[in-house]
Amino acid sequence: MYRNKINALKEWKLKKSKKPLVFLGARQVGHTWLIKEFGKNEFRQMLYVNFDDKDAPRNMFLQNFDIKRLITELQLYSGLKITPEDTLIVFDEIQSAPQGITSLKYFNENAPEYQIIAAGSLLGINIHPNESFPVGKVEFLQLYPMSFYEFVLAMDEIGLAQILEEKLWDYSPTFAGKMKEFLRYYFFVGGMPEAVLRFSQNRDWNEVRKIQLDILKSYESDFSKHAPRDILPRINLVWKSIPAQLAKENRKFFYGVIKEGARAREYEMAIQWLIDSGLLHKIYSVSKPALPLAAYQDLSAFKIFHNDTGLLAAMSNLNAKTLLNGDTVFTEFKGALAEQFVFQQLLLNEKLSVHYFQINNRLEIDFVIQNEDDEIIPVEVKSGENLSAKSLKHYAETYQPATAIRTSLANYQKENRLTNVPLYLIGNYFN
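Residues numbered from 1 in each chain as written. Predicted model: local features only at pLDDT ≥ 70, side-chain atom pairs only at ≥ 80, totals over all residues. Heavy atoms only, no water.

All right, on to helix H7 (residues 176–189) then. The terminal C-alpha atoms of H7 lie 20 Å apart, and with 14 residues this matches the ideal 20 Å at 1.5 Å per residue to within 8%. Burial runs high along H7: 11 of the 14 residues are buried. Turning to H7, its buried residues are Ala 176, Met 179, Lys 180, Phe 182, Leu 183, Arg 184, Tyr 185, Tyr 186, Phe 187, Phe 188 and Val 189. Just past H7, the residue Gly 190 takes up positive phi, approximately 75°. (Helix = DSSP H or I, 4+ residues; strand = E, 2+ residues; numbered from the N terminus. Expected span 1.5 Å × (residues − 1). Buried < 20%, exposed > 50% of the residue type's maximum accessible area, 1.4 Å probe, protein only.)

Structure follows, in structure tokens:
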């Protein structure tokens, strides 16, 4: 299956002076598969170590960080002769090797000729408080669940993928029915690679749901393995509250939804742990849609989004029959899946700064985006074809933005400053 991040990996390889690359992201988003594809196609050989394997040399970094010794141990383990110029060294599940993350600093400082990628779950200084994280000594690459574009490619719909990739807006109305069909599929399947692969092979809804539930169980198992014991019960409560949080008409996060009487100070660390793990994402409200948006953040008002649309559908017990019932899936759950979908596609463009804006108690702009050109763009999500957009109209009249986006199931249409972008095109519109 094609993953767009392969291009970033190729760019990293071509750098004359590069640091070890740390692949970040939630568990099961496809790190291992993508790295192996990259190593197989771009290098003469790949030395792959999964530190979760029982025979892996996971204690190799405890003695010291002498690079000659480490390379010798890796050669003994793999049976390969490491040649720096054409060998990719992969440390997978590096969090399972004590001091493994710290070792990257010494590879960078003392042996920069070696080409190293480290990957794993729950990477980060908050998850490894007893290790020295190599700040400034590594490069980072973030991997998320598959985009709608990648999903369409995985379904072998080359023509639809071309429309998305080349932004052929004028062609989209002709293929709108087909696009909506695959958008329905994506709402149920989501972007977790294993679920996408199985669905592309057999279109078995039950198998997809089983895979999703297994992934959710593995996440919850990670809570028990890695989370501090004192906040573990709160992590579980926050996690289970996400469908209810997003089902509200106002998606703003309310602590009372977690548990009656819950206070921010009791759950802040639990929320942050889930965010650091890549399982949840937070965006803040802004008091004013002005540059830079980050300067106007209201840290007390935020929304929480799930890592994946399909996993959210599974947590919410969304039935496949609902998906097959016309456009019902887009309005079920009070449009929460549509907003989750839009956020998930926006997240893929790391040059965007994504917030939201509450105009007053009744009107809210779902997303306010600052792009790389420092343009502020309001985005309102409509889950059906009803194009009534009171919030966006009020915002446009008040702030006179050069561009305003309404995304819905309606066809692409540009009207002066307001552009209607079909939901299925929104990710490629901003990428």
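Looking now at the side chain of Asn 371. Its location among the elements puts Asn 371 in the loop between strand E9 (364–370) and strand E10 (376–381). On the basis of relative accessibility, which here comes to 13%, the residue Asn 371 falls in the buried class. Of note is the side chain of Asn 371, whose polar atom sits 2.9 Å from the backbone nitrogen of Asp 373. Excluding anything up to four places from it in sequence, Asn 371 contacts Lys 351, Leu 352 and Ile 377. (Polar contact = N/O pair within 3.5 Å; in protein donor to acceptor, adjacent residues only side chain to side chain. Contact = heavy atoms within 4.5 Å.)

Below, the discussion takes up the packing of H7 against helix H9 (residues 205–226). Contact geometry of H7 with H9 gives a least axis separation of 10 Å together with a crossing angle of 40°. Here H7 contributes Tyr 185, Phe 188 and Val 189 to the contact with H9, which in turn contributes Trp 205, Val 208, Arg 209 and Gln 212. Classifying every residue of the contact of H7 with H9 gives five nonpolar, one polar and one charged. (Axes fitted to C-alpha atoms, helices over the stretch in contact; angles between N-to-C directions. Nonpolar A, V, L, I, M, F, W, Y, C, P; charged D, E, K, R; others polar.)

Attention now goes to the packing of aromatic side chains. As enumerated under the stated definition, the model contains 36 aromatic pairs in all. Seen in terms of ring centroids, Tyr 2 and Tyr 149 are 6.5 Å apart; in terms of plane orientation they differ by 85°. Their pairing is edge-to-face. In this pair, Tyr 2 is assigned in the segment before helix H1 (6–14) and Tyr 149 in helix H5 (residues 148–154), connecting sequence segments 147 residues apart. Ring geometry for Phe 357 and Tyr 395: centres 6.1 Å apart, planes at 80°, overall edge-to-face. A residue pair is termed long-range when its members are at least 10 positions apart, and Phe 357 in strand E8 (residues 353–358) and Tyr 395 in helix H17 (residues 390–399) qualify at 38 residues. For the pair Phe 357 and Tyr 395, a shared accessibility class is recorded, and that class is buried. Following the ring pairs from residue to residue traces out a cluster consisting of Phe 148, Phe 151, Phe 182, Tyr 185, Tyr 186, Phe 187, Phe 188, Phe 199, Trp 205 and Phe 341. Sitting over the face of the ring of Trp 12, Lys 18 holds its NZ or CZ atom 5.5 Å from the ring centroid. (Phe/Tyr/Trp six-rings, centres within 6.5 Å; stacked < 30°, edge-to-face > 60°. Lys NZ or Arg CZ within 6 Å of the ring centre and 35° of its normal.)

Moving on: a nonpolar patch on the surface. On the surface, a cluster of nonpolar side chains totalling about 240 Å² of accessible area is made up of Met 1, Trp 33 and Leu 197. Relative to the assigned elements, Trp 33 resides in helix H2 (residues 31–42). (Patch = residues over 30% accessible without salt bridge, like charges linked within 9 Å, V, L, I, M, F, W, Y side chains within 5 Å. Areas by Shrake-Rupley, 256 points an atom, 1.4 Å probe, with all protein chains shown as cover. Salt bridge = Lys/Arg side-chain N within 4 Å of Asp/Glu carboxyl O.)

Let us look at helix H6 (residues 158–165). Turning to H6, its buried residues number three or more, namely Leu 160, Ala 161, Ile 163 and Leu 164. The arc that holds every buried residue of H6, seen down its axis, measures 155°, which confines them to one face. Lys 167, located one to two residues past H6, shows a positive phi value of around 55°. (Arc of directions from axis to C-beta.)

So, on to the packing of helix H8 (residues 193–202) against H9. Helix packing geometry: the angle between the two helix axes and the distance between the axes. At their nearest, the axes of H8 and H9 sit 9 Å apart, and the two run at 170° to each other. By the angle class used here, H8 and H9 are roughly antiparallel. Touching Glu 194, Ala 195, Arg 198, Phe 199 and Asn 202 of H8 are Trp 205, Glu 207, Val 208 and Ile 211, all from H9. Among the residues forming the contact of H8 with H9, the class breakdown is five nonpolar, one polar and three charged. (Parallel < 35°, antiparallel > 145°, perpendicular 65-115°, else oblique.)

Within the secondary structure, His 306 is located in strand E7 (residues 297–306). His 306 sits in the buried class, given a relative accessible area of 1%.

A word on the pairing of E8. Sheet topology note: the E8/E9 ladder contains five bridges and is antiparallel. Within E9, the position partnered with Val 354 by the bridge is Ile 369. (Pairing = 2+ DSSP bridges.)

Now for the sheet that holds strand E4 (residues 115–119). Pairing within the open sheet is parallel, and its five strands lie in the order E2-E3-E4-E1-E5. If you trace the sheet from one side to the other, it starts and ends with strand E2 (45–50) and strand E5 (139–142), each paired once. The sheet shows a mean angle of 20° between the axes of neighbouring strands, taken without regard to direction. Here strand E1 (residues 21–24) runs beside E5; their pairing, made up of four bridges, is parallel. Opposite Phe 23, over in E5, you have Leu 141 as the bridge partner. Packed onto the sheet, helix H3 (residues 67–78) meets E2 and strand E3 (87–92) and runs at close to 90° relative to E2.

Take the pattern of salt bridges next. All chains considered together, the criterion is met by 16 salt bridges. A salt bridge links Glu 37 to Lys 40; the shortest N-O distance between them is 3.1 Å. With a gap of three residues between them, Glu 37 and Lys 40 both fall in helix H2, about one helical turn apart. Residue Glu 339 is joined to Arg 251 by a salt bridge in which the shortest nitrogen-to-oxygen separation is 3.0 Å. Placement of the pair is Glu 339 in helix H16 (residues 336–347) and Arg 251 in the loop between helix H10 (232–247) and helix H11 (255–258), with a sequence separation of 88 residues. Classification of Glu 339 as buried rests on a relative accessible area of 4%. With a relative accessible area of 8%, Arg 251 lands in the buried category. A network of salt bridges, in which partner residues are shared, links Arg 251, Lys 303, Glu 339 and Glu 364.

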